[in-house]
Amino acid sequence: MNDIVIQAHELTKKFGDFTAVDHISFEVHKAEIFGFLGANGAGKTTAMRMLCGLSHPTSGSGSVAGFDIAKDPEKVKASIGYMSQKFSLYGDLKVWENIRLFGGIYGMKTKAIASKTDVILNHLGLMSEKNTLVRDLPLGWKQKLAFSVSIFHSPQIVFLDEPTGGVDPAARRQFWEMIYEAVDQGITVFVTTHYMDEAEYCDRVSIMVDGRIEGLNTPAQLKQETTSTSMDEVFQKFARKATRNQD
Amino acid sequence: MKQFLAFVKKEFFHIFRDKRTVLILLAMPVVQIILFGFAITTEVKNAQIAIYDQSKDVVTQQIIQRLQANEYFTLVENISEPSQIEKLMKNGRVSMVLVFEPNFQENIEHLGKADLQVVVDATDPNQAKTMTNYVTSIIMQYQQEFIPLKSEVAPMQIVPQVRMLYNPQMVGAYNFVPGVMGLILMLICAMMTSISIVREKEKGSMEVLLASPIRPIFIIIAKAVPYFVISIGNLATILTLSVFVLNVPIAGSLTMIVAVSLLFILVALLLGLLISNLVKSQVAAMLISGMGLMTPTMILSGMMFPTESMPVILQGISSIIPARWYITIIKKLMIQGVDSVYIVTELGVLILMLLVLLAVSLKTFKKRL
């Protein structure tokens with residue numbers, strides 16, 4: 001299959017005696033929304049860091065956007081976008097300055113940045129806030145802006161690390177609409193979340209327990225497999241298997 | 001390169017949009033120079049004194065006149081009873097009392113010896129020592145000028161001709177300016193750089209930057225650039241203020257001073273980077289650079305107290321403080337005006353420190369990734 005954009009094969013990360021990620025294997029297809037679920041401490045973040053080229057795998061292999069994550073982390077980084085819940089842009093920079101900064105970091109041309117900035121701000125309805133410091137924006141807007149910035153350089157894949165933490169349901173709904181738009185443009189979305197209603201929006205979901213992937217399927221089939229009525233129930237059934245301390 | 005410039009620009013925005021940071025960065029050198037130059041001084045001026053003259057003759061009058069004519073002392077009271085001495089001292093009116101014995105002139109002329117008691121408030125030992133030195137030298141001078149004419153004794157005399165090299169007026173600022181330079185450059189480069197790097201870690205933005213194609217080493221260099229530039233600005237401010245406001249001359253080569261300062265700035269920046277690699281929070285970065293760098297720099301670098309008179313252990317500690325070597329070089333270059341051959345040792349130590357810090361901080365930086 002040619003449309004595989006993320007591939008992990010027996011990917012493992014050990015910190016001393018502790019195996020944070022334990023031989024995980026999966027594939028993600030182009031323009032798919034792939035939900036990456038797991039309790040805190042299950043190894044989600046470590047796995048994601050390896051896929052983003054931030055952390056070197058102890059063993060196993062993986063490729064993202066056609067580049068080997070261990071051998072070509074720089075090329076991987078240039079092909080992806082990344083957004084985390086903790087960070088929503090620089091508060092002391094203006095809206096357009098944040099966009100220009102990240103456009104510049106991803107090597108975009110000044111002219112392209114300027115024209116695309118206006119397109120995006122118009123689309124978000126933030127044109128009037130172009131010169132506002134980001135710290136003065138409401139959290140929901142910041143996160144929408146942060147997402148737009150993370151796909152500003154048209155990456156093949158965007159990694160979202162709990163992107164909707166702390167925002168209200170309405171803002172989360174809007175955020176997911178933006179994710180669907182990105183998918184329509186052919187961008188693959190790799191997302192971790194704690195909200196099980198969001199898990200329902202994903203095309204396929206993997207559930208990590210103690211460093212291993214215990215479940216991997218479409219939400220509908222996962223529910224069927226575990227004879228559950230909701231993703232929340234599915235998650236509870238998997239998470240119960242955990243022996244590792246949650247921290 | 002364009003990525004890099006975009007990044008440097010961002011760092012300048014971070015600094016200049018934070019009014020507190022700007023204030024610290026730009027006002028601190030000025031405040032420090034003014035404080036150290038004027039308020040904190042080891043010189044004694046206008047010390048309040050009282051005199052208990054039991055003799056009231058020509059010689060005592062002449063000595064008193066000389067004391068009064070001196071800018072160091074202000075005569076506030078003539079007392080007539082010994083009990084008043086302690087009273088004046090206790091209520092803080094005077095910090096020194098001179099007691100002339102009765103028949104001072106007679107004794108000097110006939111016995112060749114007269115007693116002058118100097119009572120000093122030694123709560124501040126440095127000040128007490130300085131004041132007694134002043135008095136002693138005034139008396140000695142008087143003695144040499146007048147006594148030999150009147151007495152036939154003292155055929156042999158050793159007259160020390162003291163010449164204060166490099167700082168003939170013994171101005172305190174000569175000693176402090178190099179110290180303040182070391183302190184401020186260390187503070188701005190090490191503390192501010194480490195805080196600014198750790199802030200990105202704390203906020204999570206470092207993760208986003210590391211996930212971008214920009215190379216980690218460029219992120220760090222870009223963070224250091226603004227502080228490097230600001231430090232050079234501060235260096236210029238300090239030198240200008242000390243030359244034109246404190247009247248400290250630059251006796252040696254300005255080029256050398258600037259070159260050595262750049263070297264020291266680099267050392268301090270690397271220290272900041274090292275700190276940022278070791279800690280996770282801004283508070284920790286501030287504590288480590290405050291306690292671990294500033295305090296030793298102030299106390300052990302020779303800025304305030306001479307390193308030579310410290311116990312061996314402290315001397316050992318002081319020799320690993322970069323500011324100690326920098327301050328020594330600057331004192332030599334600025335005040336003594338020596339040639340660069342005389343600073344080879346200190347310069348070598350600083351360069352060695354630079355190389356060691358470079359290796360260590362790059363190693364810890366890679367490990368973190």
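Residues numbered from 1 in each chain as written. Chains lettered and ligands numbered in written order. Predicted model: local features only at pLDDT ≥ 70, side-chain atom pairs only at ≥ 80, totals over all residues.

1. Considering the overall build of chain B
- Helix and strand content of chain B: 14 helices and 4 strands.
- The C-alpha radius of gyration of chain B comes to 28 Å, more than 25% above the 21 Å expected for a compact globule of 369 residues.
- When its C-alpha atoms are laid out on the principal axes, chain B stretches across 95 × 45 × 40 Å.
- Burial statistics for chain B: of 369 residues in total, 35% are counted as buried.
- The contacts of chain B with a sequence gap of at least 6 include a subset with a gap of at least 24, amounting to 77%. (Helix = DSSP H or I, 4+ residues; strand = E, 2+ residues; numbered from the N terminus. Rg over C-alpha atoms; globule rule 2.2 N^0.38 Å. Buried ≥ 20, exposed ≤ 12 C-beta atoms within 10 Å, placed from the backbone. Contact = placed C-beta atoms within 7 Å.)

2. Some words on the overall build of chain A
- Assigned secondary structure in chain A consists of 9 helices and 10 strands.
- Overall size of chain A, expressed as C-alpha extent along the three principal axes, is 50 × 40 × 35 Å.
- By the burial criterion, 44% of the 247 residues in chain A qualify as buried.
- Considering only intrachain contacts with a sequence separation of at least 6, the fraction spanning at least 24 residues in chain A is 68%.

3. A few points about the interface of chain A and chain B
- The interface is formed by 18 residues belonging to chain A together with 18 residues belonging to chain B.
- For the side of chain A that touches chain B, the element with the most residues is helix α3 (residues 95–105) of chain A, which contributes 4 residues.
- Here the side of chain A that touches chain B is built from residues that sort into 10 nonpolar, 3 polar and 5 charged. (Nonpolar A, V, L, I, M, F, W, Y, C, P; charged D, E, K, R; others polar.)

4. Considerations on unusual backbone geometry
- Positive phi, close to 45 degrees, is recorded for A:Thr227, a residue that is not glycine.
- Residue placement: A:Thr227 occurs in the loop between α8 (219–225) and α9 (231–239).
- In this structure A:Thr227 comes out as exposed when scored by C-beta crowding, with 9 C-beta atoms within 10 Å.
- Unusually for a residue other than glycine, B:Asn103 sits at a positive phi of about 60 degrees.
- Turning to its location among the elements, B:Asn103 is positioned in the loop between β3 (96–100) and α5 (104–111).

5. Describing the sheet that holds β3(B)
All names here are of chain B.
- Overall, mixed pairing links the 4 strands, which are arranged β2-β1-β3-β4 in an open sheet. The sheet is open, and its two borders are formed by β2 (73–78) and β4 (116–120), each paired with just one other strand. Averaged over neighbouring strand pairs, the angle between their axes works out to 25 degrees when direction is ignored.
- Note: strand β1 (residues 47–53) against β2, 5 bridges, orientation parallel. By the bridge assignment for β2, isoleucine 49 is matched with leucine 75.
- Against the sheet, helix α3 (residues 58–69) makes contact with β1, β2 and β3, and its axis sits at roughly 130 degrees relative to β2, the strand it touches most. (Pairing = 2+ DSSP bridges. Axes fitted to C-alpha atoms, helices over the stretch in contact; angles between N-to-C directions.)

6. A look at helix α1 (residues 44–51) of chain A
All names here are of chain A.
- α1 sits mainly inside the fold: 8 of its 8 residues count as buried.
- Listed in full, the buried residues belonging to α1 are Lys44, Thr45, Thr46, Ala47, Met48, Arg49, Met50 and Leu51.
- In the stretch just after α1, glycine 53 is the one whose phi turns positive, near 80 degrees.

7. Things to note about the domain arrangement of chain B
- Along its sequence, chain B is carved into domain 1 (47–165) and domain 2 (172–364).
- One C-alpha centre belongs to domain 1 of chain B, the other to domain 2 of chain B, and the line joining them spans 46 Å. (Domains from an automatic or database assignment.)

8. Notes on the sheet that holds strand β5 (residues 67–68) of chain A
Residue and element names in this part refer to chain A.
- Here 4 strands make up an open sheet; going across it, the order is β2-β1-β4-β5 and the pairing antiparallel. The sheet is open, and its two edges are formed by β2 (18–29) and β5, each paired on a single side.
- Contacts from α1 reach β1 (4–15), β2 and β4 (59–64), with the element oriented near 120 degrees to β1.

9. Digging into the environment of B:Val283
Residues and elements named next belong to chain B.
- You can see valine 283 is positioned in helix α11 (residues 282–300).
- For valine 283, a count of 12 C-beta atoms within 10 Å translates into the label exposed.
- Between the C-alpha atom of valine 283 and that of arginine 199, which follows or precedes it by 84 residues, the distance is 9.6 Å.

10. Details of α3(B)
Residue and element names in this part refer to chain B.
- Between the first and last C-alpha of α3 there are 16 Å, a value that for 12 residues agrees with the 16 Å anticipated at 1.5 Å per step.
- Buried residues of α3: Val59, Thr60, Ile63 and Leu67, and no others. For α3, the angular spread of the buried residues around the axis is 95 degrees, confining them to a single face. Looking at α3, the residues exposed on the side facing more than 90 degrees away from the buried face are Val58, Gln65, Gln68 and Ala69. (Expected span 1.5 Å × (residues − 1). Arc of directions from axis to C-beta.)

11. Focus: the confidence of the model for chain B
All names here are of chain B.
- Averaged over every residue, the pLDDT of chain B is 86; the share at 70 or more is 93%.
- Averaged pLDDT values over the elements of chain B bottom out at 79 in helix α6 (residues 125–150) and peak at 93 in helix α10 (residues 254–278).
- Confidence estimates for the predicted assembly give a pTM of 0.80 and an ipTM of 0.87. (pLDDT = per-residue confidence, 0-100.)

12. Some thoughts on the pairing of β3(B)
Residues and elements named next belong to chain B.
- In terms of residue burial, β3 counts as a mostly covered element, since 4 of its 5 residues are buried.
- Looking at chain direction, β1 and β3 are connected through 5 bridges and run parallel. Along β3, the bridge assignment pairs isoleucine 51 with leucine 98.
- Relative to β4, β3 runs antiparallel, the two being bridged by 5 bridges. What sits directly across from valine 99, in β4, is glutamine 117.

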